[in-house]
Amino acid sequence: MTRVALQAARIFDGERVLDENVVLVDDGKIVGLAREVPADWQVRSLPGATILPGLIDAHVHLTADAGVGALDRFATTPAEAATPTYAAAIATTIEQSLRIHLAAGVTTVRDLGDPRDAVLRWRRSAAPGLPTVVASGAPLTSVGGHCWALGGEVSGVAEMRTAVQARAANGADVIKIMASGGVLTPGSDTMSAQFTLEELKAATDEAHEQGLPITAHAHALAAVRQALAAGVDGIEHCTCLTPQGASVDDELGRAIAAAGIAVCSTLGSDRSIVLPPAVLEMVAKAGIGEAILQEAVRRLYDAGVRLVAGSDGGIGPAKPHGLLPATLAEYVEAGIPPIAALTAGTSAAADALRVAKGRIRAGADADLLVVAGDPTVDITTLAAPTAVYLGGADITPDASAGR
């Protein structure tokens, strides 16, 4: 079906609820909005439903399958990474991950860390019918630092610039840098910065010279302050940890807001998963419990920081792919209004990713999500999509597929 009028109770266009309630789709594009269905259009009636832009998950790891040690499982040597067997295995995981996102209403993702640019290589021959993928390739990290096994170890200003240039040449859309340690890499420190300010600024300056945004993984308060000083475009997590606990003060929040930095707080988890005691101990030691993360994102929102939504999907059992509805629900749980949470998962995320997605307007791709009820009042309605459209095609999958 190439030409159809979708008629629902309401439309959330990525920023607000519209007066119109009909989306006109022709040849994969949105060609208009209306209050009534034109006489010569075929109509799909969606009583009581809301039409939204397809959701955008701004922080995923497509090569990770949400098993224990998932992010490192495909880590390998450059020679092994070049083999057809490796390419086939990793393509299977990437495509399965994307199908799960699609079932959850996510039509665009940003992959922020893969082994040796695997997603960038896969994308060159990707089949149609899957979400749009924005990708960073292997993240820059310190020697032996967070996610070092993915192949992005760098040290010194010169290596920083060379590494950024290499990713740009390989087709990266964004540069990802591990400004602090992380929970899942033994020996790295979530409380400390991994680079000097000079190194982080060199990576940032080179990314901008290459025409690319750069986003910094930063749990440590020292790393958040360093990322702000370096002029990055985004901060992932932004937990602001110190040995005494999280410290998101209002002055820091206002400075991040004034700099126009987009923060992706990666809330959300599958709460049905019972984590092993060792993992719980590791999280508690790192100081990144649920209450701490929620308080941090609420204070950032109150300070006027531009929030985008990302799930960190794939990194472990409590972080499966397709988690973004839970991420947005936890934003609301943290005290963020539902419309602001929806914006973080649509138009604000699109702006941060530099993609023409996340909005319902004439000329845009018809990547759409339909849910029963009103998510601007009850965000949990996102958890059960009625329909998903990708480029105007109804590709609504079985919501249980791949789970």
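Residues numbered from 1 in each chain as written. Predicted model: local features only at pLDDT ≥ 70, side-chain atom pairs only at ≥ 80, totals over all residues. Heavy atoms only, no water.

Q: Would you mind going over unusual backbone geometry with me for this structure?
A: Note: most residues except glycine have negative phi, and most peptide bonds are trans. For Asp312, which is not glycine, the phi dihedral falls at a positive 65°. Position of Asp312 among the secondary structure elements: in the loop between strand 13 (306-308) and helix 10 (324-333). Overall, Asp312 belongs to the buried group, its relative accessible area being 9%. In the Ramachandran plot, Arg354 falls in the positive-phi region, its phi being about 60° despite a non-glycine side chain. Structurally, the position occupied by Arg354 is in the loop between helix 12 (347-353) and strand 14 (368-372). Judged by its relative accessible area of 52%, Arg354 falls in the exposed class. (Helix = DSSP H or I, 4+ residues; strand = E, 2+ residues; numbered from the N terminus. Buried < 20%, exposed > 50% of the residue type's maximum accessible area, 1.4 Å probe, protein only.)

Q: Looking at this structure, how should I read the pattern of salt bridges?
A: Should their charged atoms come close, side chains of opposite charge can pair. If you walk through the whole model with that rule in mind, you get 21 salt bridges. In this structure, Asp365 and Lys29 form a salt bridge, with 2.5 Å as the shortest nitrogen-oxygen distance. Remark: Lys29 occurs in strand 3 (residues 29-34) and Asp365 occurs in the loop between helix 12 and strand 14; sequence separation between them is 336 residues. With a relative accessible area of 26%, Asp365 lands in the partly exposed category. For Lys29, a relative accessible area of 36% translates into the label partly exposed. Between Arg359 and Asp351 there is a salt bridge whose closest N-O contact spans 3.0 Å. With a relative accessible area of 16%, Arg359 lands in the buried category. Of the residues examined, Asp351 reaches a relative accessible area of 43% and is grouped as partly exposed. One salt-bridge network, in which partners are shared between bridges, spans Asp13, Glu15, Arg16, Asp351 and Arg359. (Salt bridge = Lys/Arg side-chain N within 4 Å of Asp/Glu carboxyl O.)

Q: Teacher, can you tell me more about empty space enclosed by the protein here?
A: To locate leftover empty space, one rolls a probe as large as a water molecule over the atoms. Counted according to the given criterion, the structure contains one cavity of 30 Å³ or more. Size it by volume and the largest cavity reaches roughly 40 Å³. Lining the largest cavity, in full, are Pro53, Gly54, Thr107, Ala356, Lys357, Gly358, Arg359, Asp365 and Asp367. When grouped by side-chain class, the residues that make up the lining of the largest cavity number two nonpolar, three polar and four charged. (1 Å grid on protein atoms, 1.4 Å probe; cavity = no way out; pocket = protein on both sides within 12 Å on 5 of 7 lines; lining within 4 Å. Points joined across faces, edges and corners; volume = space filled by probe spheres on them. Nonpolar A, V, L, I, M, F, W, Y, C, P; charged D, E, K, R; others polar.)

Q: Sorry, what's going on with the environment of Gln42 here?
A: Here Gln42 is to be found in the loop between strand 3 and strand 4 (43-53). Put simply, Gln42 and Glu198 are 156 residues apart on the chain and 59 Å apart in space, counted from C-alpha to C-alpha.

Q: Which parts of the structure should I look at to understand the side chain of Asn21?
A: Within the fold, Asn21 resides in the loop between strand 1 (3-11) and strand 2 (22-26). A polar side-chain atom of Asn21 sits 3.0 Å from the main-chain carbonyl oxygen of Ala8. (Polar contact = N/O pair within 3.5 Å; in protein donor to acceptor, adjacent residues only side chain to side chain.)

Q: Quick question: what am I supposed to make of the layout of surface pockets here?
A: Volume-wise, the second largest pocket comes out at about 290 Å³. If you trace the second largest pocket, you find 21 residues lining it, with Gly322, Leu323, Pro325, Ala326 and Ala383 closest to the centre. Considering every element that reaches the lining of the second largest pocket, the biggest residue donor is helix 10, with five residues. A class-by-class count of the residues in the lining of the second largest pocket yields 12 nonpolar, four polar and five charged.

Q: Can you walk me through the state of the cysteines in this structure?
A: Put plainly, two cysteines are in a disulfide when a covalent bond ties their sulfur atoms together. On inspection of all chains with the given rule, the structure shows zero disulfides. Considering cysteine sulfurs only, Cys264 is the nearest to Cys147, which forms no disulfide, with 15 Å between them. Judged by relative accessible area, which is 5%, Cys147 ranks as buried. (Disulfide = S-S within 2.5 Å.)

Q: In this structure, what is going on with the sheet that holds strand 7 (residues 132-135)? I would like to understand it.
A: In sheet architecture, strand pairing relies on hydrogen bonds along the backbone and comes in two forms, parallel and antiparallel. Reading across from one edge, 5-6-7 is the order of the three strands in this open sheet, with parallel pairing throughout. Either end of the sheet is taken by a strand with one partner, and the two such strands are strand 5 (55-60) and strand 7. Averaged over all pairs of adjacent strands, the angle between their axes in this sheet comes to 20°, without regard to strand direction. Relative to strand 7, strand 6 (residues 106-111) runs parallel, the two sharing four bridges. Following the sheet pairing, Asp111 is matched in strand 7 by Ala135. Lying over the sheet, helix 2 (residues 84-103) contacts strand 5, strand 6 and strand 7, oriented at roughly 135° with respect to strand 6. (Pairing = 2+ DSSP bridges. Axes fitted to C-alpha atoms, helices over the stretch in contact; angles between N-to-C directions. Contact = heavy atoms within 4.5 Å.)

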